[in-house]
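Structural overview for review
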Amino acid sequence: MISLNDFYHGFRDPTTIAHLATLIGEQAAQTSEQINIMEVCGGHTHTIMKYGLLPLLPDNIRFIHGPGCPVCIMPKERIDHAAVLASQDNVILVTLGDMIRVPGSMGSLAQYRSKGCDIRPIYDPLDTLTIARDNPDSTVIFFAIGFETSTPMTAALIAQAEAQHIPNLLFHINHVLVPPAIDAVMADSRTQVNAFIGPAHVSVISGAKIYQAAVDNYNTPVVVSGFEPVDVMESILRIVRQKVAGEAKLDNQYSRSVTYDGNLAAQQLVDKYFTVRDSFRWRGLGPIAESALTLRAEYQHRDAERIYAEVLPTAEIDDHKACQCGDILRGLANPKDCKVFGRGCTPQTPLGSCMVSSEGACNAYYRYGEIDHAN
């Protein structure tokens, strides 16, 4: 029987990491190309920083930190939606933990909670069913966020609400999709990205197949990687070998958990309850066509965005002028390039979403980078 230990045992071994670093250096010396790898997922960013992988890489390999953090890409107006919903009479707003501290234009949900709004952070979306059953006279709204990884859980929650006839449970849907974000990054004429490390958890659900279009359209290697440091280093090696060979292929380093087709049952569940939005505005990236999901017409009786449309703000709101989170999400800036990084903007006093989220690039650099926190 497979145990949890099987998924990471040996994948943090310093000797293996050092050996992979040597192989990467030998391979990278065989090409004059600057290899700019975007790790789309914030989980990979934290692995890179936490385990000190950057100093192990040769000068012609650079990491560019992408938009794969669901909290980081949530625009202020959507957070304002949550705040307005939580302010309505007899409403209980439920959302995942990280969203509580993300600043909108009117403050964070934590601030609204301190004012008396009933806002409940959870870690298991199915806990929302209990909250709704225990509070039949209140409207419970689940503020759903996340990429393809967490969307099946929201779909399962809707399925249970329907099956158990829980009428007071509504949903504000903010689920987004990885491939359109990759397209948005590559569509920017300023982009320097020429290789991708594909997200692990997303790929478990959607399969490695969702990145084939990026390989074909941009002649760009994509390697799906696990989250352990050995996973990341092996994925870098696979990318470098493709560059040396003049190839651009889809490769799956994380084969112990990811297949080409993914979890078909989860995909079918998502398709039953969701359809693609025409457009969704990403924090830092702007509107991206067909990049997010919304409830299908037959489930609009649970759509908080439609039911409360008259009170929800519609204006688009940009980040603080001093915050460079947008450029960081595009791969056009490094967290340390931002003038307020580690000074006016810290995890305790975040100006932007890249600092507040536990998966954000700025948060990773602050926690694991060599910076003077006193300044």
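A brief report on the enclosed structure follows. The numbers attached to residues start from 1 for each chain and follow its sequence in the written order. Only residues with pLDDT of at least 70 get local features here, since the model is predicted, and only at 80 or more are side-chain atom pairs given and counted; chain-wide, interface and lining totals rely on the full set of residues. Only hydrogens and water are removed before side-chain values are computed, so all heavy atoms of the structure are retained for them.

What to know about the nonpolar core
Counting residues in hydrophobic clusters, the biggest one holds 74 residues, and the most contacted among them are Leu93 and Trp282. A run of H or I in DSSP counts as a helix once it spans at least four residues, and a run of E counts as a strand once it spans at least two, with each numbered from the N terminus. Residue contributions to this core peak at six residues, all from helix α3 (residues 76–86). Leaving out residues up to four positions away in the same chain, Trp282 has contacts with Pro67, Ile73, Phe147, Val176, Leu177, Ala181, Ile288 and Ser291. Put simply, buried Ala, Val, Leu, Ile, Met, Phe, Trp, Tyr and Cys residues joined by side-chain atoms within 4.5 Å make one nonpolar core. Burial status follows relative accessibility: with a 1.4 Å probe on protein chains alone, a residue under 20% of its type maximum counts as buried, one over 50% as exposed, and anything between as partly exposed. Any two residues whose heavy atoms approach within 4.5 Å are treated as being in contact.

Let's talk about the state of the cysteines
Throughout, disulfides are identified as pairs of cysteine sulfur atoms within 2.5 Å of each other. Considering all chains together, one arrives at one disulfide under this definition. A sulfur-sulfur separation of 2.1 Å characterises the disulfide bridge that pairs Cys325 with Cys354. For the disulfide bridge between Cys325 and Cys354, the dihedral angle about the S-S bond is near 75°, and by the sign convention the bridge is right-handed. Of this pair, Cys325 sits in helix α13 (residues 325–330) while Cys354 sits in helix α14 (residues 353–356); the two residues are 29 residues apart in sequence, bridging distant segments of the chain. One exposure class covers both Cys325 and Cys354, and it is buried.

So, the pairing of strand β1 (residues 35–41)
The buried fraction of β1 is high, at seven of seven residues. Here β1 runs beside strand β2 (residues 61–68); their pairing, made up of six bridges, is parallel. Note that in β2 the partner of Ile37 across the bridge is Phe63. Crossovers are described as right-handed under a simple rule: with the strands pointing away from the observer, the path leading from the first strand over the helix to the second runs clockwise. On the question of chirality, the crossover connecting β1 to the parallel β2 by way of helix α2 (residues 42–50) is right-handed. Two strands are said to pair when DSSP picks up at least two bridges between them. As judged from the three bridges shared by β1 and strand β7 (residues 195–198), these two strands associate in the parallel manner. Pairing of Ile37 across the sheet is with Ala195, part of β7.

Overview of the pattern of salt bridges
When a carboxyl oxygen of Asp or Glu is within 4 Å of a side-chain nitrogen of Lys or Arg, the pair counts as a salt bridge. This model, assessed by the stated rule, comprises 15 salt bridges. Linking Asp118 and Arg120 is a salt bridge whose minimum nitrogen-to-oxygen distance equals 2.9 Å. Residue class for Arg120 comes out partly exposed when judged on its relative accessible area of 27%. One continuous salt-bridge network, built from bridges that share partners, spans Asp188, Arg190, Asp327 and Arg330.

Let's talk about the sheet that holds strand β5 (residues 139–146)
Strand order in the open sheet formed by four strands is β4-β3-β5-β6, and the pairing between neighbours is parallel. Each edge of the sheet is formed by a strand with only one pairing partner; in this case those strands are β4 (118–122) and β6 (169–175). Between one strand axis and the next, the sheet turns through 20° on average, direction left out of account. Examined bridge by bridge, strand β3 (residues 91–96) and β4 share five bridges and lie parallel to one another. When the bridges of β4 are listed, Val94 appears paired with Arg120. Lines fitted to C-alpha atoms define the axes here, with helix axes fitted over just the stretch in contact, and angles between the N-to-C directions of these axes take values from 0 to 180 degrees. Running at roughly 165° to β6, helix α6 (residues 151–163) makes contact with β5 and β6 of the sheet.

Topic: the side chain of Thr294
In this fold, Thr294 is placed in strand β13 (residues 293–295). Looking at Thr294, the relative accessible area reads 18%, which means it is buried.

Digging into the packing of helix α1 (residues 14–28) against helix α10 (residues 229–245)
Between two packed helices, both the angle of their axes relative to each other and the distance between the axes serve to describe the pair. Running from N to C, α1 and α10 cross one another at 15°; their axes reach a closest spacing of 9 Å. Considering their axes alone, α1 and α10 lie roughly parallel with respect to each other. As for how α1 packs across α10, the hand of that crossing is left-handed. Only Pro229, Val230, Met233, Glu234, Ile236, Leu237, Val240, Arg241 and Val244 of α10 make contact with α1, whose side of the interface consists of Thr16, Ile17, Leu20, Ala21, Leu23, Ile24, Gln27 and Ala28. Only Asp, Glu, Lys and Arg are considered charged, only Ala, Val, Leu, Ile, Met, Phe, Trp, Tyr, Cys and Pro nonpolar, and every remaining residue, Gly among them, polar. Class assignment of the residues belonging to the contact of α1 with α10 gives a composition of 13 nonpolar, two polar and two charged. Just so you know how the angles are binned, under 35 degrees is roughly parallel, over 145 roughly antiparallel, 65 to 115 roughly perpendicular, and the rest oblique. In this scheme the crossing of two helices becomes right-handed for a clockwise turn of the near helix relative to the far one and left-handed for an anticlockwise turn of less than a right angle.

Points about the sheet that holds strand β8 (residues 222–224)
Strands sit in the order β2-β1-β7-β8-β9 across an open sheet of five strands; the sheet is parallel. Each edge of the sheet is formed by a strand with only one pairing partner; in this case those strands are β2 and β9 (250–252). With strand direction ignored, the average angle separating the axes of adjacent strands in the sheet is 20°.

Here's the deal with the pairing of β5
Within β5, seven of the eight residues are buried, which leaves it mostly tucked inside the rest of the structure. Of the pairings in the sheet, the one linking β3 to β5 comprises five bridges and is parallel in character. Note that in β5 the partner of Thr95 across the bridge is Phe143. Relative to β6, β5 is paired through seven bridges, and the arrangement is parallel. Looking at β6, one finds that Gly146 is bridged to His175. In this fold, β5 hands off to α6, which returns the chain to β6; that crossover is right-handed.

Overview of unusual backbone geometry
Positive phi outside glycine occurs at His165, with the angle close to 55°. Within the secondary structure layout, His165 lies in the loop between α6 and β6. The backbone of Asn219 shows a phi angle near 50°, a positive value even though the residue is not glycine. Residue placement: Asn219 occurs in the loop between α9 (212–218) and β8. For Asn219, a relative accessible area of 59% corresponds to the exposed category.

Honestly, it's all geometry; don't read function into it.
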